[in-house]
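# Working through the structure, step by step
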Amino acid sequence: MENFKRIEQKPTAKISLPQAEAVISLYKEKFEDNPERIEKLKEIFDVFLEQSLTNSDVYSSKELKASFPWTVVRLQDIAKKLFKKNYKGDQVFNIENTDEEITKNKKLEFIFGSAFAYSHGDAFAFTEEAMHQIIKRLPSAIKALQQGLEPEDFEVFTLGMPTNTFGEISTDFSDNLKKDSYEYMGRLYSEFVTEKTASEKDVKQNIKFYGISMGGGFAAKTGEKLLENKVVTQESENVDGVSVENKPYLQIQSMVPVSMGL
């Protein structure tokens, strides 16, 4: 046993979001360096990251023969975890919802990004938008829990790219991308959105696509495919006598370079 040396294991470094660290640094610089509030911010982002990692997955399309990484964070889950930790009680698990409308409305946001290398295009590349949406809704969600009500039903998905190391592209899908990349990426993402928006009856869904750079084109094409397949609507009222109440209402916001000159 003389040839074996004892190896001491070093403590594992804590995983953190670079985006969250940047936000905290900016908060200190622009607002206040208050240790108590900074600690609260860190707590929120720690729970956000924990939920993001827990919910991370890879979506695979058998028809298109391609896959991509994705994740989702849910406002209710994050708010309830923070509430339970800070209020030290079980009130969060004894919610009596007195407003039926709250339970019948659900909001979902899908973030479409871009990638320039295999290391890009993961489910965290543009998580700043997900952070922003959760943070701005947290105060009202915590207030609802304090009143014994369910918080707003809101989920935000961050979609990766099949070119990422966790994704997969078959030869067939690669050939199709060469023909029309936006068309086939739109088909892939629309298949995913269709699956994730299929929900119980009588739930009114509002969907927002948030496309960044090249993702703006993906968001637009995905919306086009969903409209073609009559999965979503952009009409808020009945059209030609056909009810659209049970179809998710879709809005698209694209953050594209001004040089595109649309």
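Being a predicted model, the structure only gives us computed values, none of them experimental. (Residues numbered from 1 in each chain as written. Predicted model: local features only at pLDDT ≥ 70, side-chain atom pairs only at ≥ 80, totals over all residues. Heavy atoms only, no water.)

This part covers empty space enclosed by the protein. Applying the stated criterion to the full structure yields one cavity of 30 Å³ or more. Volume-wise, the largest cavity comes out at about 50 Å³. Lining the largest cavity, in full, are Ile111, Phe112, Gly113, Ser114, Gly121, Asp122, Ala125, Phe126, Thr158, Leu159 and Gly160. At the level of elements, strand E3 (105-112) and strand E4 (153-159) are the ones that each hand at least two residues to the lining of the largest cavity. Residue composition of the lining of the largest cavity, grouped by class: five nonpolar, five polar and one charged. (1 Å grid on protein atoms, 1.4 Å probe; cavity = no way out; pocket = protein on both sides within 12 Å on 5 of 7 lines; lining within 4 Å. Points joined across faces, edges and corners; volume = space filled by probe spheres on them. Helix = DSSP H or I, 4+ residues; strand = E, 2+ residues; numbered from the N terminus. Nonpolar A, V, L, I, M, F, W, Y, C, P; charged D, E, K, R; others polar.)

By the criterion of burial, E3 is predominantly enclosed, with six of the eight residues buried. Where E3 and strand E6 (residues 204-212) come together, eight bridges link them in parallel fashion. Each bridged residue has a counterpart across the sheet, and for Lys106 the counterpart in E6 is Gln205. Here seven bridges tie E3 to E4, and the two strands are oriented parallel to one another. Bridging across to E4, Lys106 finds its partner in Asp153. (Buried < 20%, exposed > 50% of the residue type's maximum accessible area, 1.4 Å probe, protein only. Pairing = 2+ DSSP bridges.)

All right, on to the environment of Lys221 then. Its location among the elements puts Lys221 in helix H7 (residues 214-228). For the pair Lys221 and Arg187, spaced 34 residues apart in sequence, the C-alpha to C-alpha distance is 8.0 Å. Apart from residues no more than four positions distant in its own chain, Lys221 is found in contact with Tyr182, Glu183 and Gly186. (Contact = heavy atoms within 4.5 Å.)

We now examine the packing of aromatic side chains. Under the counting rule described, the total for this entry stands at 15 aromatic pairs. Summarising the aromatic geometry, the rings of Phe110 and Phe192 are spaced 6.4 Å apart at their centres and angled 90 degrees between planes, so their arrangement reads as edge-to-face. On the criterion of sequence distance, the pair formed by Phe110 in strand E3 and Phe192 in helix H6 (residues 171-197) is long-range, its members being 82 residues apart. Put simply, the rings of Tyr59, Phe68, Trp70, Phe110, Phe112, Phe157, Tyr182, Tyr189, Phe192, Phe209 and Phe218 touch in pairs and so form one group of aromatic residues. (Phe/Tyr/Trp six-rings, centres within 6.5 Å; stacked < 30°, edge-to-face > 60°.)

What the largest pocket holds in volume is close to 280 Å³. Every residue along the wall of the largest pocket is listed here: Tyr27, Arg37, Lys40, Leu41, Glu43, Ile44, Leu82, Phe83, Asn86, Tyr87, Leu138 and Ile142. Mapped by element, the contributors of at least two residues to the lining of the largest pocket are helix H2 (35-54), helix H3 (75-87) and helix H5 (127-146). Ranked by residues supplied to the lining of the largest pocket, first place goes to H2 with five residues.

Moving on, we get to the packing of helix H1 (residues 18-30) against H5. Packing of H1 against H5 brings their axes to within 9 Å, and their N-to-C directions diverge by 55 degrees. The angle between H1 and H5 places the two elements in the oblique class. Considering the relative orientation of H1 and H5, their crossing is right-handed. Judged by residue contacts, Gln19, Ala20 and Val23 of H1 engage Thr127, Glu128 and Met131 from H5. Taken together, the residues of the contact of H1 with H5 break down into three nonpolar, two polar and one charged. (Axes fitted to C-alpha atoms, helices over the stretch in contact; angles between N-to-C directions. Parallel < 35°, antiparallel > 145°, perpendicular 65-115°, else oblique. Left-handed = near helix turned anticlockwise from the far one by under 90°.)

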